[in-house]
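Each chain is listed here by its residues.
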Amino acid sequence: MAAGLLKQLAPGRVEVRSAGSEPADRLNPNVVKAMDEIGIDISQELPKPMTGQMVKAADVVITMGCGDACPVYPGKRYEDWELEDPAGKDLETVRRIRDEIRDRVRILVGGLPGS
């Protein structure tokens, strides 16, 4: 959700990569629906594992509770967003999580150079 929101809120300003420490085998249907409700189609995305190479290439790394499972490299900006996991949650709960992520992404975008 964060990657889709970042692409929408900062089009052309950032390169976004989305990955997880333990990615599922498919997207959560309620996440796809909640994002579609706000005009973001993530239906063709695939869960991907986070790699050290991805982190090394990043300027900012946003984690969502992956703890020690996420690679950490000196000199990178890290933010850990403690959020409820949408896995297995009903659509109303996923919408609330989506909106919380959107608020955090707006703050992140506001702090980018040139904002």
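Residues numbered from 1 in each chain as written. Predicted model: local features only at pLDDT ≥ 70, side-chain atom pairs only at ≥ 80, totals over all residues. Heavy atoms only, no water.

Asker: Teacher, can you tell me more about the pattern of salt bridges here?
Answerer: Oppositely charged side chains can pair when the atoms bearing their charge come close. Inspection of the entire model under this criterion finds 11 salt bridges. The partner of Lys-89 in a salt bridge is Glu-84, and the shortest N-O contact between them spans 3.9 Å. Classification of Lys-89 as partly exposed rests on a relative accessible area of 27%. Using a relative accessible area of 32% as the deciding quantity, one classes Glu-84 as partly exposed. Between Arg-104 and Glu-100 there is a salt bridge, with its nearest N and O atoms 3.1 Å apart. Of this pair, Arg-104 and Glu-100 both sit in helix H4 (residues 91-110), four residues apart, roughly one helical turn. Arg-104 sits in the partly exposed class, given a relative accessible area of 26%. One salt-bridge network, held together by shared partners, links Glu-37, Arg-95, Arg-98, Asp-99 and Arg-102. (Salt bridge = Lys/Arg side-chain N within 4 Å of Asp/Glu carboxyl O. Buried < 20%, exposed > 50% of the residue type's maximum accessible area, 1.4 Å probe, protein only. Helix = DSSP H or I, 4+ residues; strand = E, 2+ residues; numbered from the N terminus.)

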